[in-house]
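The chain contents come next:
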Number of protein chains: 2
Amino acid sequence: MEKDIVVVGGGPGGIISAMTAKSVYPEKSVCVIRQIGDGVIPCAIPYMINTIAEPKGNAMPMGGLEAAGIESVVAGAVSLDPEAKTLSLDNGDSVTYDRLVLATGSNPAKPPIPGADLEGVFTITKSLAPLSGMVEDARAAKNVVIVGGGFIGAEFADELSGQSGVNIHLVELMPKVLQAAFDDEYCDEIQKKLEDQGIKMHLGQMVKAFQGEGKVSSVALSNGEELPADLVIIGIGGRPNSKLAGDAGLLLASDGSIWVDSYMRTSSPDIFAVGDCALKRDFFTRKAVPVWLASTATAEARNAGTNIYGIRVLNQIQGSIAAFSTKFGDTCYASAGLTERVCQREGIRYVSGTAAAPDRHPGNLPGASPMSVKLLFADRAGALLGGQVFGGESAGELVNVIAMGIQKGATVRDMDMMQIATHPKLSSSPTVHPLINAAHQALAKLRAK
Amino acid sequence: MEKDIVVVGGGPGGIISAMTAKSVYPEKSVCVIRQIGDGVIPCAIPYMINTIAEPKGNAMPMGGLEAAGIESVVAGAVSLDPEAKTLSLDNGDSVTYDRLVLATGSNPAKPPIPGADLEGVFTITKSLAPLSGMVEDARAAKNVVIVGGGFIGAEFADELSGQSGVNIHLVELMPKVLQAAFDDEYCDEIQKKLEDQGIKMHLGQMVKAFQGEGKVSSVALSNGEELPADLVIIGIGGRPNSKLAGDAGLLLASDGSIWVDSYMRTSSPDIFAVGDCALKRDFFTRKAVPVWLASTATAEARNAGTNIYGIRVLNQIQGSIAAFSTKFGDTCYASAGLTERVCQREGIRYVSGTAAAPDRHPGNLPGASPMSVKLLFADRAGALLGGQVFGGESAGELVNVIAMGIQKGATVRDMDMMQIATHPKLSSSPTVHPLINAAHQALAKLRAK
């Protein structure tokens, strides 16, 4: 097979690379090689247990590819020859390309812990068949142990807490949940929320062993505790899937990801990489960061797809702005950019501002939730470094005002006087809007220095 | 009485001018002179009829002033002497100031139509006592005629449509509702939504007379139709309340507002003006625009309050970004910046992009609403000019991503590759996010030129 543009990977980064390339270069033939024939929407995997009625309700919609005239082949890519511009597939075929995008994603880590291969111990793949098995087990489970207190683990815990008759234990090595995205006081809020939903927290704990005869029946922790378990879900991050690239001699970054420049070009001419498999540099620190979000992958994919035959749009990916949102129970938590934890670690001097108000005005309107915003700005220059939000559902888009501000270099002065839309039924009062008042407080601190 | 800083007006612009000035200059004495002793939160006035249980539930919270050490006097300011730096009040007192902020708001227009003084015909004041009377009448009303199809009129119509046994007629002079904030296709969506809620529309119609014996009983339209009415609510805009300033010899703008520069300084030294009474220039066209929003007033108030003793923050109000949001039934509508209508009128060349997707992913998740985004970008330069959104509640903050983008000069290229937070329960999929896809479509149009 011979194609102008070949994309390896059928996740969000792969699909959007292909769709973008086809829309910018409609005369080119485009093909997506995807290993997983029954892909799912990755971000919604935790919600397959109960929120989504049937596992297949979370199937990744692939109709867009066909409608756009993009071929899709279900096969694994086993080797890549950059000189011959050829990919060998596990079905015996080979594909010759003019331009290649690697969107091979990441592999979930399976910890080297005794018993990790027992039945009932799951890592999270992105394939419907094994996930359906996990969902079936989860719906019947009485004792679930979740290993990992990041987004995946916490979202699984939240989802399961809506199911009656199940004990949920969450085990996390670090002292706080969601420490990568939030500062301590937000982590504590989230922990309290999850505990209020009946989830038992085991923070600062390691798993010593998964125990059972053939099937898991308990989990032994480093503190000697033993948790009953008929289902274990492991969400402890993973590794970039860069084997194909590495075997082909492409440069890898120190974190094992495929090295790319700010146009997502790898070290090999005409080969691009996007998504979890590709190097991401933090927007501010320029250090490698594993921001494995579909939204990040698709931004990179738009860049690669647009510029695959030369730089058509000068905008580069200026760095990864980790922009997260999630919901536990009825409360939403979101974060974009740097936290105080990262600023302190990296030696970035900052001022913070915090503010809270109901997300309706007056606050007695139906549907009102408390909303809280924390913003960080660079000391002196005042550039917006990051923000954290919790509140009602509008927090999910409010954080994108922060993300847009980071991307466009908003300062504390811009945000103190920013013009926003507000409405009694949709937002905080403009007189006390937490986004603005947090900036106002930070500006006062800068002024007092 | 002698004060360092005196603010005339107890609405959002006045309160935030005083609060900001006191926070930036804590050593100064600050006093607010407010004519209305029983002020309300202006944006929530329509929701006093049913959504808010008791009218006093919408009282403007004034506790912040006292807590901040700001004196508050209920009195009308009858004259201003800029030379003597003195205000005369209607209680016989006079106040000497060092710096003055005029936040005197606007007066609702009462049309010169026969019968406009009949009992039961209301214009919207910002005072609890008369509003309580209107609310009482509205709760008992069988036939309500609303004059004016802008935000106020449409929001009253929406609010009343939740009340059983009431016929609602909305009369608007222009061919579309909400024409100042939305383009035709959005206006049509809104019209359909309101009609689906049982509201009878009379577009392109004028009121010829309000009829009745002492109390209104019907409304005669220009097309000869006669609408039964036991309550009439008039929301047809108004005039800046610039009498105090004009009588004192301050320069007024052609629209009758108090002329101000980009630091909200009037033509008279040491006197500032903010909010509905102050001149607003459109961010792009630089023409006078009546953006009478509390959020705009508070942004101006932060500017005036911060810079009242010299320019402490170089950021000016670069122009008014009209950023609106509202909710009719369960659907939210929002707009920021310019519409196609304004671009065409002003000769601004633009490209548009539109996109739609459910605001959850997968779209079958509970709570999903269709969401639609339209963006306008300057032809060639690609600067973001404006955006319109409808969807679920997140539209209310999504529009602020657009507002922030306008304020910081985002381009179509920035938005095509922007990095946003997404979550299954909170937002559209990153692969089809309408905000990004609308930009992508506009970029494709620019590229094709």
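Residues numbered from 1 in each chain as written. Chains lettered and ligands numbered in written order. Predicted model: local features only at pLDDT ≥ 70, side-chain atom pairs only at ≥ 80, totals over all residues. Heavy atoms only, no water.

- Under an unreviewed UniProt entry, the name given to chain A is Pyridine nucleotide-disulfide oxidoreductase, and the organism recorded is Desulfoferula mesophila.
- Heading Cofactor (unreviewed entry) of the UniProt record for chain A holds this comment: "FAD". (UniProt positions renumbered as here; feature names shortened; annotations may be inferred.)

A short note on the relation of the copies chain B and chain A
Next up, step 1: Placing chain B over chain A gives an RMSD of 0.0 Å and needs a rotation angle of 180°, together with 0.0 Å of translation along the axis. Taken together, the rotation angle and the small translation identify this as a two-fold axis.
Next up, step 2: An overlap of 100% is found between the interface residues of chain B and their copies at the interface of chain A, pointing to a shared contact surface. (Least-squares fit on C-alpha atoms with pLDDT ≥ 70 in both. Contact = heavy atoms within 4.5 Å.)

A look at the pattern of salt bridges
Close approach of charged atoms allows side chains with opposite charge to pair.
Residue and element names in this part refer to chain A.
Next up, step 1: Across all of its chains, the model carries 52 salt bridges over all chains by this definition.
Next up, step 2: Between D261 and R265 there is a salt bridge, with its nearest N and O atoms 2.7 Å apart.
Next up, step 3: Residue classification places R265 among the partly exposed positions, given a relative accessible area of 34%.
Next up, step 4: In this structure, a network of salt bridges that share partners links the residues K85, D98, R99 and D270. (Salt bridge = Lys/Arg side-chain N within 4 Å of Asp/Glu carboxyl O. Buried < 20%, exposed > 50% of the residue type's maximum accessible area, 1.4 Å probe, protein only.)

A look at the interface of chain B and chain A
Next up, step 1: Each partner contributes to the interface: chain B provides 81 residues, whereas chain A provides 81 residues.
Next up, step 2: For the chain B face of the interface with chain A, the top three residues by lost area are E397(B), M417(B) and Q419(B), together amounting to 12%.
Next up, step 3: The tally of links from chain B across to chain A stands at 6 salt bridges.
Next up, step 4: Residue D158(A) is joined to K425(B) by a salt bridge in which the shortest nitrogen-to-oxygen separation is 3.9 Å.
Next up, step 5: Across the contact surface, chain B and chain A share 28 residue pairs in polar contact (both at pLDDT 80 or more).
Next up, step 6: For the side of chain B that touches chain A, the secondary structure elements donating two or more residues are α1 (12-24), α4 (151-161), α7 (294-306), β18 (323-328), α9 (395-407), α10 (412-416) and α11 (434-448) of chain B.
Next up, step 7: No other element matches α9(B), which puts 10 residues into the side of chain B that touches chain A.
Next up, step 8: Among the residues forming the side of chain B that touches chain A, the class breakdown is 35 nonpolar, 31 polar and 15 charged. (Buried area = accessible area lost by both parts, 1.4 Å probe. Polar contact = N/O pair within 3.5 Å; in protein donor to acceptor, adjacent residues only side chain to side chain. Helix = DSSP H or I, 4+ residues; strand = E, 2+ residues; numbered from the N terminus. Nonpolar A, V, L, I, M, F, W, Y, C, P; charged D, E, K, R; others polar.)

Focus on the UniProt feature "domain: FAD/NAD(P)-binding" (unreviewed entry) in chain A
Next up, step 1: Residues given the UniProt feature "domain: FAD/NAD(P)-binding" (unreviewed entry) here are residues 3-288 of chain A.
Next up, step 2: A distance of 32 Å separates the end C-alpha atoms of residues 3-288 of chain A, which is 21% helix and 27% strand.

Here's the deal with the nonpolar core
Next up, step 1: Residues L80(B), L87(B) and L102(B) are the most contacted members of the largest nonpolar core, which totals 96 residues.
Next up, step 2: With sequence-adjacent residues up to four places away left out, L87(B) is seen in contact with V6(B), V8(B), I33(B), A77(B), S79(B), L80(B), D93(B), S94(B), V95(B), L100(B) and L244(B).
Next up, step 3: The next biggest cluster of nonpolar side chains, apart from the first, holds 95 residues, and it includes I49(A), A154(A), I199(A) and A304(A). (Core = buried A, V, L, I, M, F, W, Y, C linked by side-chain atoms within 4.5 Å.)

Considering unusual backbone geometry
Residues and elements named next belong to chain A.
Next up, step 1: A cis amide bond, omega 0°, links H361 with the succeeding residue P362.
Next up, step 2: Position of P362 relative to the elements: it lies in the loop between β20 (350-358) and β21 (370-378).
Next up, step 3: The residue M264 is not glycine, and still its phi comes out positive at about 65°.
Next up, step 4: Along the chain, M264 falls in the loop between α6 (243-247) and β17 (271-273).

Some words on the sheet that holds strand β21 (residues 370-378) of chain B
All names here are of chain B.
Next up, step 1: In spatial order, the strands read β18-β19-β22-β21-β20; together these 5 strands make up an open sheet with antiparallel pairing. Since the sheet does not close on itself, it has two edges, and those belong to β18 and β20 (350-358), each with one partner. Strand-to-strand, the axes of this sheet are offset by a mean angle of 10°, without reference to chain direction.
Next up, step 2: The pairing of β20 with β21 spans 9 bridges and is classified as antiparallel. The residue of β21 that forms the bridge with V351 is F377.
Next up, step 3: Seen against the sheet, α11 touches β20 and β21 and runs at an angle of roughly 145° to β20. (Pairing = 2+ DSSP bridges. Axes fitted to C-alpha atoms, helices over the stretch in contact; angles between N-to-C directions.)

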